[in-house]
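Each chain, written out:
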Amino acid sequence: MKPKVPIEVKAVYAEITAIKTDLLALGVCEGKLSAPAAQLDKKLNGAIAALIKLGDFKGKSGTTGLIYTPSKMGAVRVLLVGLGKSDKADAEVLRKAAATVSAKALELKAQTVDVYLHQAAPAADLAAAVQAITEGLYFGSYRYREYLNSDQENNQTPSSIKAFIADASRTFVSTAAQAVAAGTIYGSAQNYARTLANRPGNVISPQTLAEEAKKMARQVGLRCTVLDEKALAAKKMGGILAVGQGSANKPRLILLEYKPARAPKNAHVIGLVGKAITFDSGGISIKPGEGMHDMKYDKSGGIAVLGAMQAIARLKPKARVLGLIPAAENMPSGFAYRPGDIVTTYSGKTVEIQNTDAEGRMVLCDAIAYAGQLGCRTIVDIATLTGACVVALGQKRAGVMANDENLIEQIKTASRQTGERVWHLPCDDEYVELMKSRIADLKNVGGRWAGACTAAAFLSQFVKDARWAHVDMAGVGVWGADETMAPGSIGFGVRLLSSFVMNQ
Ligand code: BES
Ligand code: ZN
Ligand code: ZN
């Protein structure tokens, strides 16, 4: 089992023509060459201009052009990375371009990579640009291959990459160093989450996920408590227990706590709640076999919270933050919960089970109610909750629902910063009506329509007086991955949640 390629990013002062490196990457917008690009072009005897003139590279976003340099140059190769139209070249464009660069570095076995900045993105400020590039370098260099013993890729890729973000301005390095540090925290937390999400159900169970959370908490200085099945029973967490009872792998509720140094006694507490179904077979309402293996990713919301808590521990925001991760395996068996069961949840509210595959809301409702009990005034949950959300929004945007307009705006702000896109959907009383049962307080499925909205409306009933938002990431965690990038989890939500907390 080999670890993923480690990457290290640094900001350095350098003149573009003097850089010694395996791969020199330069962002190029459509249209006229920037001054450093023109300078480099001259040194390359017009090779960049020739590439553009031939039409082989036009600066379009997502495209690249590779130039092998004459031996007198310090850079072995020059990689032109398209940034598209200059007025649209924002932080997300840079993040994606940087990911392309590090993916290319892997492919070329480059051990050193220099990304030349030269204010390449007019539409992003310097710190945001450098942070985004750092995050992108992390993202693009990630491969999940813990269980690959002898693949070709393993033998071909470098054992590590040293990446530099370079610029020829003296003031640059001091500003950039901080942004690189932040980008490193976000980027590595995201890759950490990707590895956990990519691990299969026979490796990550509720118990092993809890152990992993404890290990991470020790490393970064968070408090971690785990409620096992006995503690869950003592607390009457009927929702989590019902979903977990069909599996030999018993459920857990993982609690992570970040406390700022010098927190005022009545400091605002933010609760981050993430669905961690370590495998969702559907239970007695079993899913079709095709694609069922992808339900190992049904823990991605919980893992987004885990990754965010790691980033938060290192970024040290002013707010107190609780992470709550209800973890269960949804399996059919003689012990499994059934359609028709009436479950008494932690809140005291009863739920008629009409479909055991609508299990996410059953674990979340207990964790959300518990977050309120623990004093969270703001609660954000994230989950691979409904196929309906994928039908509604596809693989490029997550759904976001809330009981507070202001909170929606704050999630959208974080989303604009991180490039993890969301779209606001409704979940008001009209949808709650569809979740009422005639024999219990609620039922766990609505009708045929608006499945993402009715699921959120169900969750809203377990929030007492907190501000609450729900992110349905069913479509974006894995399947939204860029085709050129590593298959598997993209670690969606880690940066979104941590940026949201940092903005508070
Ligand atoms: N984990 C699934 C949702 C899901 C579907 C995630 C596709 C990612 C991709 C969830 O537990 C589920 O099965 N939901 C049901 C709810 C229905 C029974 C009301 C669904 O969406 O079909
Ligand atoms: Zn399900
Ligand atoms: Zn599920």
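Quick summary incoming for the structure in this document. Note that the structure is a prediction, hence the values are computed from the model and not measured. Numbers given for residues are sequential positions, taken from 1 along each chain in its written order. Each chain is given a letter, starting from A, and each ligand a number, starting from 1, according to the order in which they appear as written. Owing to the predicted nature of the model, reporting of local features is limited to residues with pLDDT of at least 70; listing and counting of side-chain atom pairs is limited to 80 or more, with chain, interface and lining totals taken over all residues. Excluded from the side-chain calculation are hydrogens and water; included are all heavy atoms of the structure.

1. Digging into the coordination of the zinc ion (ligand 2)
The textbook angles at a metal center are 109.5 degrees for a tetrahedron of four donors and 90 or 180 degrees for an octahedron of six. Sodium, potassium and calcium take a 3.2 Å donor cutoff, other metals 2.8 Å, and in both cases only N, O and S atoms count; water is not among them, so sites may look incomplete. Within the protein, Asp280 (OD), Asp357 (O), Asp357 (OD) and Glu359 (OE) serve as the donor atoms for the zinc ion (ligand 2), at 2.0 to 2.2 Å. A four-donor site is called tetrahedral if each angle lies between 85 and 135 degrees; a four-donor site is square planar, and a six-donor site octahedral, when trans pairs exceed 155 degrees and the remaining angles lie between 65 and 115; all other cases are labelled irregular. One can describe the site at the zinc ion (ligand 2) as irregular: its six donor atoms subtend angles covering 69 to 165° at the metal. Read N to C, the donor residues that coordinate the zinc ion (ligand 2) are spaced as D-x76-D-x1-E. Between the zinc ion (ligand 2) and the zinc ion (ligand 3) the interatomic distance amounts to 3.2 Å, and Asp280 serves as a bridging ligand to the pair. Placement of the pair is Asp280 in strand S10 (residues 276-280) and Glu359 in the loop between strand S13 (350-352) and helix H11 (360-373), with a sequence separation of 79 residues. Since its relative accessible area comes to 2%, Asp280 is described here as buried. Secondary structure elements follow DSSP: runs of H or I no shorter than four residues count as helices, runs of E no shorter than two count as strands, and numbering proceeds from the N terminus. Each residue is assigned to one of three classes by its accessible area relative to the maximum for its type, calculated with a 1.4 Å probe on protein chains only: buried under 20%, partly exposed between the two thresholds, exposed over 50%.

2. Some details on the coordination of the zinc ion (ligand 3)
Only Lys275 (NZ), Asp280 (OD), Asp298 (OD) and Glu359 (OE) from the protein coordinate the zinc ion (ligand 3), and they sit 2.0 to 2.4 Å from it. Each donor residue of the zinc ion (ligand 3) belongs to the same chain, with the gaps between them written as K-x4-D-x17-D-x60-E. Among the residues examined, Asp298 registers a relative accessible area of 3% and is labelled buried.

3. Overview of the pairing of strand S8 (residues 252-258)
Burial runs high along S8: seven of the seven residues are buried. Paired strands, in this sense, are two strands between which DSSP finds at least two bridges. Pairing of strand S7 (residues 223-227) with S8, which is carried by five bridges, proceeds in the antiparallel orientation. Following the sheet pairing, Leu227 is matched in S8 by Leu253. Bridge count for S8 against strand S11 (residues 320-330) is seven bridges, and the pairing is antiparallel. Considered in S11, the bridge of Ile254 is made with Ile325.

4. Examining the site of ligand 1
Any residue with a non-hydrogen atom lying within 4 Å of a molecule or strand is treated as near it. Looking at ligand 1, there are 16 residues lining it, with Lys287, Asp298, Asp357, Glu359 and Gly387 nearest. Interatomic distance of 3.4 Å between a backbone N/O atom of Thr384 and a nitrogen atom of ligand 1. In the complex, 77% of the free accessible area of ligand 1, which totals 520 Å², lies under the protein chains. Under the scheme applied, nonpolar residues are Ala, Val, Leu, Ile, Met, Phe, Trp, Tyr, Cys and Pro; charged residues are Asp, Glu, Lys and Arg; polar residues are all the others, including Gly. Counted by class, the shell around ligand 1 contains five nonpolar, four polar and seven charged residues. Think of a polar contact as two N or O atoms within 3.5 Å of one another; within protein, one of them needs to be a possible hydrogen donor and the other a possible acceptor, and neighboring residues in sequence only count if both atoms come from side chains. For accessible areas, the Shrake-Rupley method is used with a probe of radius 1.4 Å. Any residue's cover is judged against the shown protein chains and nothing else.

5. Concerning the packing of aromatic side chains
The relative placement of two aromatic rings is captured by the distance of their centres and the angle of their planes. A pair of Phe, Tyr and Trp rings is counted when the ring centres sit within 6.5 Å of each other, with Trp represented by its six-membered ring. The angle between the planes then sorts it: under 30 degrees is stacked, over 60 is edge-to-face, the rest tilted. Throughout the structure, instances matching the rule amount to two aromatic pairs. Centroid distance Tyr346 to Tyr370: 5.5 Å. Interplanar angle 90°. Geometry classified as edge-to-face. You can see Tyr346 sitting in the loop between strand S12 (342-344) and S13 and its partner Tyr370 sitting in helix H11, a full 24 residues away along the chain. On the basis of relative accessible area, Tyr346 is assigned to the partly exposed category, the value being 21%. Seen from their ring centres, Phe458 and Phe462 are 5.2 Å apart, and the 45° between their planes marks the pair as tilted. Side by side, Phe458 and Phe462 carry an identical accessibility label, which is buried. For a ring to carry a charge above it, either NZ of a lysine or CZ of an arginine must fall within 6 Å of the ring centroid while also lying within 35 degrees of the normal to the ring plane. Between Arg170 and the ring centre of Tyr13, over which it is positioned, the NZ or CZ distance is 3.8 Å. One cation-aromatic arrangement involves Arg194 over Phe139; the distance from NZ or CZ to the ring centre is 3.9 Å.

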